[in-house]
Amino acid sequence: MGDKQNIGLALSGGGFRAAFFHIGVLASLADVGVLKNVKVLSTVSGGTIIGVLYYLKLKSKIKDLETKSTGDEINQFYRDIIEEVKGEFYEFVKLNIRTMSFLNPLKNSKIFLSELLKVDDYTRSKHIGELIEKHLYKKYRVDAKKPLLMSDLHSVENGLPKLIINTTNYNSGGSWLFETDKMRQLQSNARSTKNISFSTINYKKGEKEVCLSDAVAASACVPGLFRPIKLRGMFNSGLNLNLIDGGIFDNQGIESLLPENCTHFIVSDGSKQLNNQYRVKSTLEIFGRTNDMLMSRVREQQINNLLDRFGQEKVAFIHLLYGTNGVKWTEDEGSMFLEQKTDNIEKEVIPNNHLNLLSKIRTDLDSFTEIEAYSLMYSGFKISNTEIEDRFGLESTNNINFAKNAEGFFGKSVVDEKFKDHIEISQKRFLKWYYHILLKIKKYPKVNKKESTLDRFRNRIFNFICKPKNLIIPSLITLYLIFGLDTFISLFGLHTSPSIHISFVKLLWLLAVTIIFLPVVLIVISTLVFISLNTLDKLFLHLGKIKNN
């Protein structure tokens, strides 16, 4: 592959799981010297969060590239970029943005009133976007006191790829794209609603500006969990633009690459892969399963179309259940191992059915432990090395620091039952710390020794919270406080329509809720969230730390 090739790189959706996997892929591409040839970067959902960070990091240091004269210096420049991206992103993930979005009582009240009045101007998804911008992108602001705008990302510097953030236009059902100088609907599926044309919108200072936080939030705005991101005043007709998760239309980000005159394509897919299932668990589970089938079919069709159009030698598809060509599954003493052939010698890369477990890790925006994060990054790195070598004939130098360090604790001699248990628990969305402690007490009892006062106190706490009956009352109180807000929204929901008549009794109840009940609930929720972030979340991160032997 020559330096003049135009490579299109797509980073799929899949929450932080996909983001960590993408870091491993980016590291692999930097290591083999391919990342510098990426001319177009298409991102979706979790891929957007990490893709924007990479773009901002590269933009902030692109002038340093002019001082690099040799190929080795240029490749090392990109390796260093990815190492810094990895470090910044993991520190951000440890904050637990999902839970943090409930911490600020003023923001919670603003979201509550927005829901109550049915205006959708400030939603939970918008607040999460603001938190991402504040805690992950803030150091790259043009003005330290003002949030980043999409136009702030625009640059004419050589070496920067074209950034495309994929979202879905809720109004039309088409794909809506954010670029650094404009936003538009994908031409291949341009549509109109009520004779309103969704034409290209160029950003205008002080008029048609879009916050980076809104673009990122819209790309990751999972329908059903979050309300759409609403952009007002973008069309002269007065039509509001409602945007949801880009994964609804194209979770791999492939379609937006097709019109960009790319010669080669690399697709990093950290989204959920369809596994075999041998029994029906529940009626509700059937809906999720059928949606996974549909998403799997769309993904397969997209990849096949890409291969038919450009050929296998120009398309690299990297995903969490990768197991073809140079990588194969074999059995060893009853366990499944991923092995890679190198010079006719089978070298074990990822043991203990690792990829099957990783493919089931939650797709969420909460905190990830070191074991979860590094196993995803390491797998992305190793799988990408195999696919890039197979498709483009480029061999990795294995000169990525985190990958070299990971070789030790992900080797067969180190990975044991505890590691497997940790990854299996990581599939759960809530109470992961509880399951870890329960497992630790039941399955891995400590060797008898003289306990200190602190050890006795800790064990009593653990024994208390590991009994389900002790959690019933706190759980009921928490559920009452959280879902009580939704109940009042449904009971006292107001609409902007002037034709709605509001009774005097209803107004009195609404006033009582606003003045008395709402502040108390918001303060209690914020207090519980603060305690959770500073105790239970830190405990979870501690239980997932990698212990170097």
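Right, let's walk through the structure included here. These numbers were taken from a predicted model, which means no experiment stands behind them. (Residues numbered from 1 in each chain as written. Predicted model: local features only at pLDDT ≥ 70, side-chain atom pairs only at ≥ 80, totals over all residues. Heavy atoms only, no water.)

## What to know about the overall build of the protein chain
Along its length, the protein chain carries 17 helices and 15 strands. Out of the 549 residues belonging to the protein chain, those deemed buried represent 50%. Pairs at least 24 apart in sequence give 73% of the contacts found in the protein chain among residues at least 6 apart. Accessible surface, the protein chain as shown: approximately 27,300 Å² in total, 55% of it carbon and sulfur. (Helix = DSSP H or I, 4+ residues; strand = E, 2+ residues; numbered from the N terminus. Buried < 20%, exposed > 50% of the residue type's maximum accessible area, 1.4 Å probe, protein only. Contact = heavy atoms within 4.5 Å. Areas by Shrake-Rupley, 256 points an atom, 1.4 Å probe, with all protein chains shown as cover.)

## Let's talk about the side chain of K432
With respect to the helices and strands, the residue K432 is situated in helix α14 (residues 432-443). By relative accessible area, which is 5% here, K432 ends up buried. Among the polar contacts listed, one links the side chain of K432 to the side chain of D366, at a separation of 2.8 Å. A distance of 3.1 Å separates a polar side-chain atom of K432 from the backbone oxygen of R429. Look past the residues within four positions of K432 in its chain and what remains in contact with it is R362, D366, I425, S426 and F540. (Polar contact = N/O pair within 3.5 Å; in protein donor to acceptor, adjacent residues only side chain to side chain.)

## Description of the nonpolar core
In this structure, F20, L35, F89, Y137, F178, L212 and I266 are the most contacted members of the largest nonpolar core, which totals 103 residues. No other element matches the eleven residues that helix α1 (residues 15-32) contributes to this core. Among residues more than four places away in sequence, those in contact with L35 are L9, L26, L29, A30, Y54, Y78 and I82. Membership of the second largest hydrophobic core comes to 14 residues, among which are I164, V267, V315 and F317. (Core = buried A, V, L, I, M, F, W, Y, C linked by side-chain atoms within 4.5 Å.)

## Observations concerning the packing of aromatic side chains
Here the distance between the centres and the angle between the planes together describe a pair of aromatic rings. In total, this model carries nine aromatic pairs according to the counting rule given. Aromatic side chains F20 and F368 sit 5.7 Å apart centroid to centroid with 40° between the ring planes, which places their arrangement in the tilted category. One end of the pair, F20, is in helix α1; the other, F368, is in the loop between α10 (354-358) and α11 (370-392), with 348 residues separating them in the sequence. For F20, a relative accessible area of 0% gives the class buried. (Phe/Tyr/Trp six-rings, centres within 6.5 Å; stacked < 30°, edge-to-face > 60°.)

## Here's the deal with the pattern of salt bridges
Scanning all chains against the criterion turns up 23 salt bridges. Across the pair E88 and K57 runs a salt bridge whose closest N-O atoms are separated by 2.6 Å. Of this pair, E88 sits in helix α3 (residues 71-93) while K57 sits in helix α2 (residues 46-61), and the two are 31 residues apart along the sequence. Each member of the pair E88 and K57 is classed as buried. For D364, the salt bridge goes to R429, with nearest N and O atoms at 3.2 Å. In this pair, D364 is assigned in the loop between α10 and α11 and R429 in the loop between α13 (417-425) and α14, connecting sequence segments 65 residues apart. (Salt bridge = Lys/Arg side-chain N within 4 Å of Asp/Glu carboxyl O.)

## With respect to helix α6 (residues 124-137)
Quick reminder: α-helices carry 3.6 residues per turn. Residues three or four places apart thus point the same way. Under the 1.5 Å per step criterion, the end-to-end length of α6 is 19 Å for 14 residues, consistent within 8% with the ideal 20 Å. Within α6, burial applies to R124, S125, K126, H127, I128, G129, L131, I132, E133, L136 and Y137. Lining the buried residues of α6 we find α2, α3, α4 (97-100), α5 (105-116), α7 (212-219) and β9 (229-231). (Expected span 1.5 Å × (residues − 1).)

## A few points about the environment of K314
Note on placement: K314 falls in the loop between α9 (283-310) and β12 (315-319). Judged by relative accessible area, K314 falls into the partly exposed class, the value being 33%. Residues K314 and I266, spaced 48 residues apart in sequence, show a C-alpha to C-alpha distance of 8.4 Å. When near neighbours in sequence (up to four residues on either side) are disregarded, K314 contacts T263, H264, F265 and F392.

## A short note on the packing of α1 against α2
Relative orientation of the contacting elements α1 and α2 amounts to 45°, with a least axis distance of 7 Å. Put simply, α1 runs oblique to α2. Crossing hand, α1 versus α2: right-handed. Within the contact between the two elements, α1 uses G15, F16, A19, H22 and I23 and α2 uses G46, G47, I49 and I50. (Axes fitted to C-alpha atoms, helices over the stretch in contact; angles between N-to-C directions. Parallel < 35°, antiparallel > 145°, perpendicular 65-115°, else oblique. Left-handed = near helix turned anticlockwise from the far one by under 90°.)

## Focus on the environment of K126
Relative to the assigned elements, K126 resides in helix α6. Put simply, K126 and S101 are 25 residues apart on the chain and 9.9 Å apart in space, counted from C-alpha to C-alpha. Leave out the neighbours within four places in its chain, and K126 touches D121, D214 and I229.

## Some words on the packing of α1 against α11
Packing of α1 against α11 leaves a shortest axis separation of 7 Å and a crossing angle of 45°. The pairing of α1 with α11 is recorded here as oblique in orientation. By crossing handedness, the relation of α1 to α11 is classed as right-handed. Together, R17, F20, F21, I23, G24, V25, A27, S28, L29, D31 and V32 of α1 and A373, L376, M377, S379, G380, F381, I383, S384, N385 and I388 of α11 make up the contact between the two elements. Classifying every residue of the contact of α1 with α11 gives 13 nonpolar, six polar and two charged. (Nonpolar A, V, L, I, M, F, W, Y, C, P; charged D, E, K, R; others polar.)

## Examining unusual backbone geometry
A positive phi angle, near 50°, is found at S45, a position not held by glycine. Its location among the elements puts S45 in the loop between β2 (38-44) and α2. Given the relative accessible area of 7%, S45 is considered buried.

## With respect to the pairing of strand β1 (residues 7-11)
Taken across its five residues, β1 has five buried, putting it largely inside the fold. Of the two faces of β1, the one lined by I7, L9 and L11 and the one lined by G8 and A10 are each fully buried. Looking at chain direction, β1 and β2 are connected through five bridges and run parallel. Following the sheet pairing, A10 is matched in β2 by S42. (Pairing = 2+ DSSP bridges.)

## With respect to the pairing of strand β11 (residues 264-269)
Successive side chains on a regular strand alternate, one facing one side of the sheet and the next facing the other. Counting buried positions along β11 gives six out of six residues, so the element sits mostly inside the fold. Burial along β11 is two-sided: the residues H264, I266 and S268 and F265, V267 and D269 are all buried. Judged from the five bridges that link them, β1 and β11 form a sheet pairing that is parallel. Bridging across to β11, G8 finds its partner in F265. The pairing of β11 with β12 spans five bridges and is classified as parallel. Looking across to β12, one finds that I266 is bridged to A316. Viewed along the sheet, the connection from β11 through α9 into β12 turns out right-handed. (Right-handed = clockwise from strand over helix to strand, strands pointing away.)

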